[in-house]
Amino acid sequence: MYHFSSVKDVTDLKALLKEAFELKASPFRYETLGRHRTMGLLFFNSSLRTRLSTQKAAANLGMNPIVFNINDEGWKIETEFGVVMNGDKAEHIKEAAGVIGRYCDIIGIRSFAGLKDRAYDYAETVLEWFRKYAGVPIVSMESATVHPMQAFADIITIEQYKKTARPKVVMTWAPHPRALPQAVPNSFAEWAVAAGYEVVITQPEGYELCEDFTKGAVIEYDQRKAFEGADFIYAKNWSSYREYGQVLHQDRSWTVDTEHMNWTNSAKFLHCLPVRRNMIVSDAVIDSPDSLVIEEAANRVVSAQTVLKQILQSL
Ligand code: CP
């Protein structure tokens with residue numbers, strides 16, 4: 001593995017999962033693999049889990065992590081080419097990527113979708129320019145359209161708790177007051193299908209995701225029907241892809257509560273966090289013994305460490 005943004009960057013998901021569980025059991029087994037290597041963690045947006053778990057994962061491999069909140073602490077970055085830079089953006093992405101690539105052996109980037117221009121977001125502009133100009137492996141730590149470290153941690157969690165070889169995994173849209181990107185659901189859909197699960201996506205009309213990410217999943221608009229027989233419920237909000245970036249409504253009947261969970265096959269509850277309580281999920285569900293959200297977040301260290309180990313071994 002060199003760059004990492006998609007399940008398509010993984011040659012053998014089963015083998016990667018096996019490696020993940022080995023690292024989960026022995027996190028310091030490769031503590032010298034990253035010696036004298038630097039991991040750059042660039043944040044254009046806020047983070048709790050990604051920032052801490054990836055830093056810890058890099059340290060577990062002996063790497064030296066540098067965390068840089070680029071928008072708050074660095075120069076504002078221009079990502080367009082051929083523009084007259086006479087505004088507030090003092091540094092061009094071409095030089096920024098080239099320079100950071102000289103300081104770091106692997107670069108992780110968090111850069112959310114702007115949710116204004118679908119073509120721009122779905123071109124993964126920031127990630128792509130870093131890939132082109134940094135000269136080192138680039139890892140998405142949630143970019144405009146994907147969040148692969150999260151999806152890999154979600155799959156690790158499902159593997160940890162599943163009781164059947166091919167569980168029914170339901171990803172449900174849930175309401176939220178603000179427009180959120182499609183990165184988490186896009187990645188979860190493609191990773192869950194690649195893992196071989198029975199994947200159902202349920203959402204109100206108008207919230208259909210980009211079909212590039214949902215191939216192999218069943219789309220069911222009736223949330224109750226979708227939940228029936230589910231072994232795992234993965235709740236998430238996302239804004240509309242079709243009416244790009246729009247919040248079409250905040251229908252609270254889609255909030256996952258105890259009644260919803262009673263429709264399932266005693267399903268476990270997953271959410272990537274942060275989560276808005278009593279919008280996405282009721283207190284009773286997230287605080288129940290069936291909620292795996294803390295273990296899921298803990299597995300972010302495992303997913304990041306497994307990916308970084310693979311990349312280090314390819315250098
Ligand atoms: N799930 C997730 O990526 O959390 P953060 O935004 O806090 O990193």
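None of the values given here were measured: they were computed from a predicted structure.

Rules used throughout
Note on numbering: residues in each chain are counted from 1, in written sequence order. Local features in this predicted model are restricted to residues whose pLDDT is 70 or higher, and side-chain atom pairs enter the listing and the counts only when it is 80 or higher, whereas totals over whole chains, interfaces and linings include all residues. Note: side-chain values were computed over all heavy atoms of the structure, leaving out hydrogens and water. A pair of Phe, Tyr and Trp rings is counted when the ring centres sit within 6.5 Å of each other, with Trp represented by its six-membered ring. The angle between the planes then sorts it: under 30 degrees is stacked, over 60 is edge-to-face, the rest tilted. Every helix listed is a DSSP run of H or I at least four residues long, and every strand listed is a run of E at least two residues long, numbered separately from the N terminus. Cation placement over rings: the criterion is NZ of Lys or CZ of Arg within 6 Å of the ring centroid and within 35° of the ring normal. The rule for a salt bridge is simple: a side-chain nitrogen of Lys or Arg has to be within 4 Å of a carboxyl oxygen of Asp or Glu. Accessibility here uses a 1.4 Å probe with only protein chains present; expressed as a share of the type maximum, an area under 20% marks a residue as buried, one over 50% as exposed, and anything in between as partly exposed. Any residue with at least one heavy atom within 4 Å of a molecule or strand is counted as near it. Here a polar contact is taken to be a pair of N or O atoms separated by no more than 3.5 Å, where protein atoms must pair a possible hydrogen donor with a possible acceptor and residues adjacent in sequence count only if both atoms sit in side chains. Areas reported here follow the Shrake-Rupley algorithm with a probe of radius 1.4 Å; residue values treat only the protein chains shown as occluding. For the purposes of this description, domain bounds are those given by an automatic or database domain assignment. Strands were regarded as paired on the criterion that DSSP finds at least two bridges between them. Residue contacts are counted whenever heavy atoms from the two residues lie within 4.5 Å of one another. Only the contacting stretch of a helix is used when fitting its axis, a line to C-alpha atoms as for every element, and angles between N-to-C directions run 0 to 180 degrees. One fewer than the residue count of a helix, multiplied by 1.5 Å, yields its expected span. Bend, at a single residue, is the angle you get between axes fitted to the 7 residues ending at that residue and the 7 residues starting at it. For our purposes a nonpolar core is just a set of buried Ala, Val, Leu, Ile, Met, Phe, Trp, Tyr and Cys residues, chained together by side-chain atoms within 4.5 Å. By buried area we mean how much accessible surface two parts lose on assembly, using a 1.4 Å probe and totalling the loss over both.

**Observations regarding the packing of aromatic side chains**
At step 1: Inspection of every chain in the model, using the stated rule, returns twelve aromatic pairs.
At step 2: Between Tyr122 and Phe213 the ring centres are 6.5 Å apart and the planes differ by 70 degrees, which places this aromatic pair in the edge-to-face class. Here Tyr122 is found in helix α5 (residues 118–122), whereas its partner Phe213 is found in helix α9 (residues 211–214), with 91 residues between them in sequence.
At step 3: Three or more aromatic residues joined by ring pairs make a cluster, and in this case those are Tyr122, Phe213, Tyr241 and Tyr244.
At step 4: Positioned over the ring face of Tyr241 is Arg118, at 3.9 Å from the centre of the ring.
At step 5: Positioned above the aromatic ring of Tyr30 is the side chain of Lys309, whose terminal nitrogen or guanidinium carbon lies 4.6 Å from the ring centre.

**With respect to the pattern of salt bridges**
At step 1: Scanning the model with the defined rule gives 14 salt bridges in all.
At step 2: Between Arg242 and Glu208 there is a salt bridge, and its shortest N-O distance comes to 3.6 Å. With Arg242 in the loop between β10 (232–236) and α11 (258–262) and Glu208 in the loop between β8 (198–202) and α9, this residue pair connects regions lying 34 residues apart in the sequence.
At step 3: Of the residues examined, Arg242 reaches a relative accessible area of 53% and is grouped as exposed.
At step 4: By relative accessible area, Glu208 is classed as buried at 18%.

**Describing the site of the ligand**
At step 1: Lining the immediate environment of the ligand, one finds Ser47, Leu48, Arg49, Thr50, Arg110, His147, Gln150, Cys272, Leu273 and Arg300.
At step 2: Within the contact set of the ligand, a nitrogen atom lies 3.1 Å away from a backbone nitrogen or oxygen of Cys272.
At step 3: If the ligand stood free it would expose 260 Å²; the protein chains cover 93% of that surface.
At step 4: Shared between two domains, the shell around the ligand holds at least three residues of each, these being domain 1 (7–146 + 300–314) and domain 2 (150–296).

**What to know about the sheet that holds strand β9 (residues 218–219)**
Strands belonging to one sheet form pairs held by backbone hydrogen bonds; the direction of such a pair is parallel or antiparallel.
At step 1: Taken in spatial order, the five strands make up an open sheet running β9-β8-β7-β10-β11, and their pairing is parallel. The open sheet has two edge strands, β9 and β11 (268–270), and neither has a second partner.
At step 2: Where strand β7 (residues 168–173) lies against β10, five bridges are found, and the strand directions are parallel. What sits directly across from Met171, in β10, is Tyr234.
At step 3: Its contacts with the sheet put helix α7 (residues 148–161) on β7, β10 and β11, and the angle it makes with β10 is roughly 155 degrees.

**Topic: the sheet that holds strand β5 (residues 106–110)**
At step 1: Here four strands make up an open sheet; going across it, the order is β2-β1-β5-β6 and the pairing parallel. Of all the strands in the sheet, just β2 (64–68) and β6 (138–140) have a single pairing partner and so form its edges. For this sheet, the mean angle separating the axes of adjacent strands, direction not counted, is 20 degrees.

**Some points on the side chain of Gln182**
At step 1: By the secondary structure assignment, Gln182 is in the loop between β7 and α8 (183–194).
At step 2: The exposure class of Gln182 is buried, given its relative accessible area of 2%.
At step 3: A distance of 2.6 Å separates the side chain of Gln182 from the side chain of Tyr122, its partner in a polar contact.
At step 4: Only 3.1 Å separates the side chain of Gln182 from the backbone oxygen of Ser239, close enough to count as a polar contact.

**What to know about helix α13 (residues 293–314)**
At step 1: End to end, α13 covers 32 Å across 22 residues, agreeing with the expected 32 Å (1.5 Å per residue, within 8%).
At step 2: Taken as a whole, α13 carries its principal kink of about 25 degrees at Asn299.
At step 3: With respect to burial, α13 is a largely interior element, 17 of its 22 residues being buried.

**Observations regarding the nonpolar core**
At step 1: Grouped together as the largest cluster of nonpolar side chains are 53 residues, with contacts concentrated most on Phe4 and Trp191.
At step 2: Both domain 1 (7–146 + 300–314) and domain 2 (150–296) contribute no fewer than three residues apiece to this core.
At step 3: If sequence neighbours within four positions are ignored, Phe4 has contacts with Asp9, Val10, Ile138, Val139, Ser140, Pro148, Met149, Trp191, Val307 and Ile311.
At step 4: Of all hydrophobic cores here, the second largest spans 20 residues; its members include Ala174, Ala226, Ala235 and Ile286.

**Notes on the domain arrangement of the protein**
At step 1: Entries for the protein in the domain assignment read domain 1 (7–146 + 300–314) and domain 2 (150–296).
At step 2: On the side of domain 2, 31 residues touch domain 1, which itself brings 27 residues to the contact.
At step 3: Regarding the contact of domain 1 and domain 2, the summed buried area is about 2,400 Å², with carbon and sulfur atoms giving 66% of it.
At step 4: When residues of domain 1 are sorted by the area they lose upon contact with domain 2, Leu115, Arg118 and Tyr122 head the list and together hold 27% of the total.
At step 5: Summed over the shared surface of domain 1 and domain 2, the result is two salt bridges.
At step 6: Summed over the shared surface of domain 1 and domain 2, the number is ten residue pairs in polar contact (both at pLDDT 80 or more).
At step 7: Taken together, the elements giving at least two residues each to the side of domain 1 that touches domain 2 come down to α1 (13–25), α5 and α13.
At step 8: With six residues, the top contributor of residues to the side of domain 1 that touches domain 2 is α1.

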